[in-house]
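# Summary of the model geometry
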Amino acid sequence: MEEYITIALPKGKLFKRSLDLLAKVGYSAEGVSENSRKLVIANEETKVRFIITKTVDLPTYVEYGAADIGIIGKDVLLEEQKDVYELLDLGFGKCRLMMAVPEAKKRSELKDYAHLRVATKYPRCAREYFDKLGIQMEIVKLNGSIELGPLIGLSELIVDIVETGTTIKENKLMEVDSIFTSTARLIANPVSFKLKFERLHKLVVDLRAVLAAEKGDKKAK
Ligand code: PRP
């Protein structure tokens, strides 16, 4: 009897596109919804089990083998540094990590921000970035609504994700520097990848084909 594969899906911005993509390679997830109270959903026919996790926890589920594979942003992988294989760049969920300040507080050079406070969900990436620049900063870890930091005087700056740019615009912040860009990745538990190689390899090949076809379609339009 074929073994189940467990796929972790992150709540939030990558959720819907991840479901659509998996459905295109035969792993449709009927009954799976982001807001569902049921967090584990199994499809007996395709022998796939879906689990829905908080974004930041997803690499941990995969690292421990609680999920064989998962879909998650490169930004989270860079911050969490878990022992997982990155199998495929899925191309969607494009965003970038950047440093921003309130428009009124703009300074002329990056080093002029030294010793200020930075609010971020990405303390590791932020630390690495400032260390590389040789700038000492005080990093304040928050779990969301980072833009609030400078608005209420918790921090002078933020290091955060920008996707459409709406959030920073609405909060009258301006981007000072871009740190890296990120897209969604398919990741795997290293042991699962060996033990379930055939299925997982086929999944990667099929996903690659779907992504290539979509790219072709876009070009043709
Ligand atoms: C992310 C990020 C920004 C926003 C950027 O937050 O932290 O707040 O999205 O997107 P935009 O450039 O398209 O406006 P998220 O929605 O994940 O929620 P959070 O603030 O609770 O972390």
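So, a few notes on the structure that sits alongside this text. Predicted model only: the values in this text are computed from it and were never measured.

Conventions adopted
- Residues numbered from 1 in each chain as written.
- Predicted model: local features only at pLDDT ≥ 70, side-chain atom pairs only at ≥ 80, totals over all residues.
- Heavy atoms only, no water.
- Pairing = 2+ DSSP bridges.
- Helix = DSSP H or I, 4+ residues; strand = E, 2+ residues; numbered from the N terminus.
- Axes fitted to C-alpha atoms, helices over the stretch in contact; angles between N-to-C directions.
- Contact = heavy atoms within 4.5 Å.
- Near = heavy atom within 4 Å.
- Polar contact = N/O pair within 3.5 Å; in protein donor to acceptor, adjacent residues only side chain to side chain.
- Areas by Shrake-Rupley, 256 points an atom, 1.4 Å probe, with all protein chains shown as cover.
- 1 Å grid on protein atoms, 1.4 Å probe; cavity = no way out; pocket = protein on both sides within 12 Å on 5 of 7 lines; lining within 4 Å.
- Sits in = over half its atoms within 2 Å of the grid points.
- Nonpolar A, V, L, I, M, F, W, Y, C, P; charged D, E, K, R; others polar.

Time to look at the sheet that holds strand 3 (residues 48-53). Strands in a sheet are paired, the pairing made by backbone hydrogen bonds, and the direction either parallel or antiparallel. Spatially, 2-3-1-4-11-5 is the arrangement adopted by the six strands of the open sheet, whose pairing is mixed. In this open sheet, the two strands that pair with only one neighbour each are strand 2 (40-43) and strand 5 (85-89). Neighbouring strand axes in the sheet, compared pairwise and without regard to direction, differ in orientation by 25° on average. Relative to strand 3, strand 1 (residues 5-10) is paired through six bridges, and the arrangement is parallel. Bridging across to strand 3, Ile7 finds its partner in Phe50. Strand contacts of helix 1 (residues 15-24): strand 1, strand 3 and strand 4 (69-73), with the helix running at about 150° to strand 1, the strand carrying the most contacts. Relative to strand 5, helix 8 (residues 197-220) is tilted by about 25°, and along the sheet it contacts strand 1, strand 3, strand 4, strand 5 and strand 11 (184-188).

In the vicinity of the ligand lie 13 residues, with Lys13, Lys121, Glu147, Thr164 and Thr167 positioned nearest. Contact between the ligand and Glu147: an oxygen atom at 2.7 Å from a side-chain N or O atom of the residue. When isolated, the ligand has an accessible area of 490 Å², and the protein chains bury 71% of it. Put simply, the ligand lies in the largest pocket. Of all the secondary structure elements, the ones that give two or more residues to the shell around the ligand are strand 9 (157-162) and helix 6 (166-170). Here the shell around the ligand takes three residues from strand 9, the largest share from any one element. Each residue belonging to the shell around the ligand can be placed in one class, and the counts come to two nonpolar, six polar and five charged.

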